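The lines below spell out each chain.
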Amino acid sequence: MIGVLASGSGSNLQALIDADLGAPISVVVANVPGAKALERAEKAGIPAVLVDHKAFPDRASFDRALVDVLVAHRVEWVVLAGFMRIVTKVVLDAFPDRVVNIHPALLPSFPGVDAQKRAFDAGVKITGCTVHLVDEGTDTGPILAQAAVPVLATDDALALKQRILRQEHRLFPAVVRALVAGGLTITTSADGRRRARLDGVGDRAEATLVCPALLPGSREG
Ligand code: GRF
């Protein structure tokens, strides 16, 4: 079972709903009243729960409430789809190496908020999106998969953001499906760094996910 946490429009949630993930989404949780993600879940017949972070005195008690909802819905994989809160040890300890996030840049470049605009402003020629396991840092957990997106001469920050989002919608369901299928291996190197290998996306990633906008005949980009 998959639990999705979202704060906003939920376009990534929609891509997950529309895909075959190999396991059902048993609950969608939002922390913002009126988040469109809740509406999308309800429309798809998925339990939609509001846990308003403003109702809690601190991060830990908010996270305990999240864990309660996720456990009640038998969640095994926690998917952050535009969830604009830092999750604490409370969530990470309840779901060790089972919390996954999508970030709209090629990590470790441009972690944190407003990544697309910061990449655009920096003048990078290639950016993209990253799906990674969540650890206690900000966008620092082991990388699972990435999709590259070229910055075009005609781009402004908004156009770039939208083109990255289209790749997010392809990459995220593919990664979640591979995780559910058991494709994850984590190794720790001698210097203590943890790395993830994910079988099941690499074969398609080579041709279609890594830089789809540059492929001949691609309608993306
Ligand atoms: C996406 O750009 C995602 O990478 C970031 O938050 C945004 C969520 O968009 N973490 P949406 O709510 O899925 O449309």
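For the structure, see preceding data.
The shown structure was predicted, so the numbers you read here are calculated from the model rather than taken from an experiment.

Procedures and definitions
The numbering scheme is per chain: residues are counted from 1 as the chain's sequence reads. Local features are withheld for residues below a pLDDT of 70 in this predicted model, meaning they are given only at 70 or higher, and side-chain atom pairs are given and counted only at 80 or more; totals for whole chains, interfaces and linings count all residues. In computing side-chain values, all of the structure's heavy atoms are included and hydrogens and water are not. The helix and strand labels rest on DSSP assignments: H or I over at least four residues marks a helix, E over at least two residues marks a strand, and numbering proceeds from the N terminus. Throughout, the radius of gyration refers to the C-alpha atoms, and the reference size of a globule is 2.2 Å times the residue count to the power 0.38. Classification of residues uses two cut-offs on accessible area relative to the type maximum, computed with a 1.4 Å probe and protein chains only: under 20% is buried, over 50% is exposed, and between them is partly exposed. Each accessible area is a Shrake-Rupley estimate made with a 1.4 Å probe; only the visible protein chains count as cover when residues are assessed. Positive charges are assigned to Lys and Arg, negative charges to Asp and Glu, while His and the chain termini are left out of the count. In this description, the location of a charge corresponds to atom NZ of lysine, CZ of arginine, CG of aspartate or CD of glutamate. Note on pairing: two strands pair once DSSP finds at least 2 bridges between them. In this text, near means that some heavy atom of the residue lies within 4 Å of the molecule or strand in question. Here a polar contact is taken to be a pair of N or O atoms separated by no more than 3.5 Å, where protein atoms must pair a possible hydrogen donor with a possible acceptor and residues adjacent in sequence count only if both atoms sit in side chains. Residues were grouped as follows: Ala, Val, Leu, Ile, Met, Phe, Trp, Tyr, Cys and Pro as nonpolar; Asp, Glu, Lys and Arg as charged; and all remaining residues, including Gly, as polar. Geometry is summarised by axes, namely lines fitted to C-alpha atoms with helices restricted to the contacting stretch, and by angles between N-to-C directions that run from 0 to 180 degrees. Any angle that is under 35 degrees is reported as roughly parallel, and any over 145 degrees as roughly antiparallel; angles of 65 to 115 degrees are reported as roughly perpendicular and all others as oblique. The crossing is said to be left-handed when, going from far helix to near helix, the turn is anticlockwise and less than a right angle, and right-handed when the turn is clockwise. A contact between two residues is defined here by any heavy atoms of the two lying within 4.5 Å. Any two of the Phe, Tyr and Trp rings considered here, Trp counted by its six-membered ring, make a pair once their centres fall within 6.5 Å; the pair's planes then place it as stacked at under 30 degrees, edge-to-face at over 60, or tilted in between. Should the NZ of a Lys or the CZ of an Arg lie within 6 Å of a ring centre and within 35 degrees of the ring normal, that charge is described as sitting over the ring.

Explain the overall build of the protein chain to me, please; I cannot follow it from the model alone.
Helix and strand counts for the protein chain stand at seven helices and nine strands. The globule rule puts the C-alpha radius of gyration for 221 residues at 17 Å, and the 17 Å found for the protein chain is close to it. C-alpha atoms of the protein chain, sized along the principal axes, occupy 45 × 45 × 30 Å. Counting only residues that meet the buried cut, the protein chain has 45% of its 221 residues in that class. In the structure as shown, the protein chain presents an accessible area of about 10,800 Å², 53% of it carried by carbon and sulfur atoms. Positive and negative side-chain charges in the protein chain, numbering 24 and 24 respectively, have mean positions lying 3 Å apart.

Looking at this model, I keep getting lost on the pairing of strand E4 (residues 77-80). Mind explaining?
The side chains of a regular strand alternate, first on one face of the sheet and then on the other. Both faces of E4 are covered, namely the face carrying Trp77 and Val79 and the face carrying Val78 and Leu80. Relative to strand E5 (residues 99-103), E4 runs parallel, the two being bridged by three bridges. If you follow Val78 over to E5, its bridge partner there is Val99.

Quick question: what am I supposed to make of the site of the ligand here?
Surrounding the ligand, one finds Ser9, Gly10, Ser11, Asn12, Gly82, Ile102, His103, Pro104, Gln116, Leu165 and Glu168. Between the ligand and the protein, one listed contact pairs an oxygen atom with a backbone N or O atom of Asn12 at 2.8 Å. For the ligand, whose accessible area on its own is 370 Å², the fraction buried by protein is 83%. For the shell around the ligand, the residue count by class is three nonpolar, seven polar and one charged.

In this structure, what is going on with unusual backbone geometry? I would like to understand it.
With the exception of glycine, the majority of residues adopt a negative phi angle, and the majority of peptide bonds are in the trans configuration. In the segment running from Leu107 into Pro108, the intervening peptide bond is cis, with an omega of 10°. Residue placement: Pro108 occurs in the loop between E5 and helix H5 (115-122). With a phi close to 55°, Arg74 is a non-glycine residue in the positive phi region. Mapping Arg74 onto the fold places it in the loop between helix H3 (59-72) and E4. Not every positive phi belongs to a glycine, and Asp97 is a case in point at roughly 55°. Under the relative-accessibility criterion, Asp97 is labelled partly exposed at 30%.

Would you mind showing me how to read the packing of helix H1 (residues 11-18) against helix H6 (residues 157-180) here?
In a packed pair of helices, the relevant descriptors are the angle between the two axes and the axis-to-axis distance. At a closest axis distance of 9 Å, the pairing of H1 and H6 adopts a crossing angle of 45°. As far as their axial angle goes, H6 and H1 are oblique. As H1 packs across H6, the resulting crossing turns out to be right-handed. Facing Ser11, Asn12, Ala15 and Leu16 of H1, the residues of H6 in contact are Leu165, Glu168, His169, Phe172, Pro173 and Val176. Here the residues of the contact of H1 with H6 sort into six nonpolar, three polar and one charged.

Just checking my understanding: could you explain the packing of aromatic side chains for this structure?
By convention here, two paired aromatic rings are described through the distance between centres and the angle between planes. One pass over the structure, following the stated rule, counts two aromatic pairs. When the centroid spacing of 6.4 Å and the interplanar angle of 15° are considered together, the rings of Phe62 and Phe83 count as stacked. Remark: Phe83 occurs in the loop between E4 and helix H4 (89-94) and Phe62 occurs in helix H3; sequence separation between them is 21 residues. Chaining the aromatic ring pairs together yields one cluster made of Phe56, Phe62 and Phe83. For Arg98, the ring lying beneath its charged end belongs to Trp77, and the centroid distance is 4.2 Å.

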